[in-house]
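# Residue-level structural notes
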Amino acid sequence: MGTNVFRLGDEVTAAIEAQEPIVAMESTIYSAFGLPQPANREALVRCETAIRAAGAVPAMTAVIDGVGVVGVASGAETERVLAATAKIAARDLGHAHATGLDVGVTTVSASVTLAARAGVSVFTTGGIGGVHRDAAQTGDISHDLLAIARHRVVTVSAGAKAFLDLGRTLEEFETLGVPVVGWNTDRFPAFYTRDSGHPVTMTVRTGAEVAALLSANRELRHPGGVLVANPIPEADELDAARIDAAITEALEDAERQGARGPGVTPLVLAAIAAATEGDSVPANLALAENNARVAAEIAVAVASR
Ligand code: PSU
Ligand code: MN
């Protein structure tokens, strides 16, 4: 069955063969759409190192020469991805292939789609997209939510990005039938802070519990994935009042600049970094690394079932 629409990296192929744990990673966060240089590169290194330290194989997803890749090779391939200027959601993958896109970074929706296609069941990100605060007017709801609901992949995230409407994002997950489970918490985190003010209805304590949840859903034929909400480590948490003020400022900024569609998230993230005088960036790195570590723990448990 020859397919040139997607491919696996060599290390991922070997890991699948040997039934070793694998953690898929997105790539938007490691590009200029997610983090400023050189923090983007540091984020990638820290996430990959955390995954390996916990005994799993990291597999960054991206589009290279029109092909959806699970397991971007280090070196030249990774350099191309870090410098990419196209942001690819799930619906863009087919067009990227049809038109031979040079290089694109994948969002959560595209990454989860590629991970599922590759048979990789654990995925890590920083924060997922969700329902935007002005969704009532703009209709802006990230495809991340539906993609998580469609594919049997566990997504580990520090909640959804803080500038979203987190209450409506949680309601949307309930509608879609996606279990949102707190990792050692009964609170839904708010990316830069550990508590959004919204509770989660399910808590897990170990990778083994997540693996058991996943296999129970599989046996029940309950489709789709799971969101594991992993709060930022206490030491890296930002002050809630300060980040709220920064978000308000950033959203006004984005509005003034007339950002629309996929342009909104990168612009708001950059504006938050500016409004916090850069303090949001180390927090973003810390939570991404923490998610990578937890995802690897889950992947190890899934592989040993
Ligand atoms: N989390 C981060 N930084 C990011 C993103 C998430 O810490 O840049 C990206 C993810 O790739 C997510 C995307 O899927 O933003 C959501 O974009 P949109 O709101 O356009 O769906
Ligand atoms: Mn959107």
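Here the structure is shown first, and the text comes after it.
Below is a short write-up of the structure. Nothing here was measured: the structure is a model prediction, and the numbers come from that model.

### Side note on the pairing of strand 8 (residues 154-157)
Consecutive side chains of a regular strand alternate in pointing toward one face of the sheet and then the other. Neither face of strand 8 is left uncovered, since the one carrying V154 and V156 and the one carrying T155 and S157 both have all their residues buried. Two elements, strand 7 (residues 122-124) and strand 8, share 3 bridges in a ladder whose sense is parallel. The residue of strand 8 that forms the bridge with F123 is T155. Where strand 8 and strand 11 (residues 226-229) come together, 4 bridges link them in parallel fashion. Among the inter-strand pairings, V156 is bridged to a residue of strand 11, identified as V228.

### Details of the layout of surface pockets
Over the atoms rolls a probe the size of a water molecule, and its path tells where empty space is left. Roughly 670 Å³ of volume is contained in the largest pocket. As for the largest pocket, its lining consists of 32 residues, and the residues nearest its centre are K87, T107, S142, D144 and P262. For the lining of the largest pocket, the secondary-structure elements that each account for two or more residues are strand 5 (87-88), helix 5 (108-118) and helix 11 (264-275). The leading source of residues in the lining of the largest pocket is helix 11, at 3 residues. Split by residue class, the lining of the largest pocket holds 11 nonpolar, 14 polar and 7 charged.

### Looking at a negative patch on the surface
A contiguous patch of negative charge, built from D134, E249, E252 and E255, is present on the exposed surface. When its relative accessible area of 33% is taken as the criterion, D134 is described as partly exposed.

### A few points about the site of ligand 1
Every one of the 19 residues lining ligand 1 counts as a neighbour, but E26, G127, S142, D144 and T265 are closest to it. Note that an oxygen atom of ligand 1 is positioned 2.8 Å from one of the side-chain N or O atoms of K161. Bound to the protein, ligand 1 loses 94% of the 480 Å² it would expose on its own. Given that more than half its atoms are within 2 Å of the pocket grid, ligand 1 belongs to the largest pocket. For the shell around ligand 1, the class distribution of residues is 6 nonpolar, 9 polar and 4 charged.

### Side note on the packing of aromatic side chains
Summed over all chains, the structure comprises 1 aromatic pair. With a centroid separation of 4.8 Å and 80° between ring planes, the pair formed by F191 and Y192 is classed as edge-to-face. Overall, the relative accessible area of 3% leaves F191 in the buried class. By relative accessible area, Y192 is classed as buried at 2%.

### Some points on unusual backbone geometry
With glycine set apart, most residues show a phi of negative sign, and most peptide bonds adopt trans. Note that the residue after Q37, namely P38, is joined by a cis bond; omega there is -5°. By secondary structure assignment, the location of P38 is in the loop between strand 2 (22-25) and helix 2 (39-53). In this structure, D65 takes a positive phi of about 50° despite not being glycine. Within the fold, D65 resides in the loop between strand 3 (57-64) and strand 4 (67-70). Residues other than glycine seldom take positive phi values, yet R221 does so here, at roughly 60°.

Criteria and thresholds
- Residues numbered from 1 in each chain as written.
- Chains lettered and ligands numbered in written order.
- Predicted model: local features only at pLDDT ≥ 70, side-chain atom pairs only at ≥ 80, totals over all residues.
- Heavy atoms only, no water.
- Buried < 20%, exposed > 50% of the residue type's maximum accessible area, 1.4 Å probe, protein only.
- Helix = DSSP H or I, 4+ residues; strand = E, 2+ residues; numbered from the N terminus.
- Pairing = 2+ DSSP bridges.
- 1 Å grid on protein atoms, 1.4 Å probe; cavity = no way out; pocket = protein on both sides within 12 Å on 5 of 7 lines; lining within 4 Å.
- Points joined across faces, edges and corners; volume = space filled by probe spheres on them.
- Nonpolar A, V, L, I, M, F, W, Y, C, P; charged D, E, K, R; others polar.
- Patch = residues over 30% accessible without salt bridge, like charges linked within 9 Å, V, L, I, M, F, W, Y side chains within 5 Å.
- Areas by Shrake-Rupley, 256 points an atom, 1.4 Å probe, with all protein chains shown as cover.
- Salt bridge = Lys/Arg side-chain N within 4 Å of Asp/Glu carboxyl O.
- Lys, Arg positive; Asp, Glu negative; His and termini not counted.
- Charge placed at Lys NZ, Arg CZ, Asp CG, Glu CD.
- Near = heavy atom within 4 Å.
- Polar contact = N/O pair within 3.5 Å; in protein donor to acceptor, adjacent residues only side chain to side chain.
- Sits in = over half its atoms within 2 Å of the grid points.
- Phe/Tyr/Trp six-rings, centres within 6.5 Å; stacked < 30°, edge-to-face > 60°.

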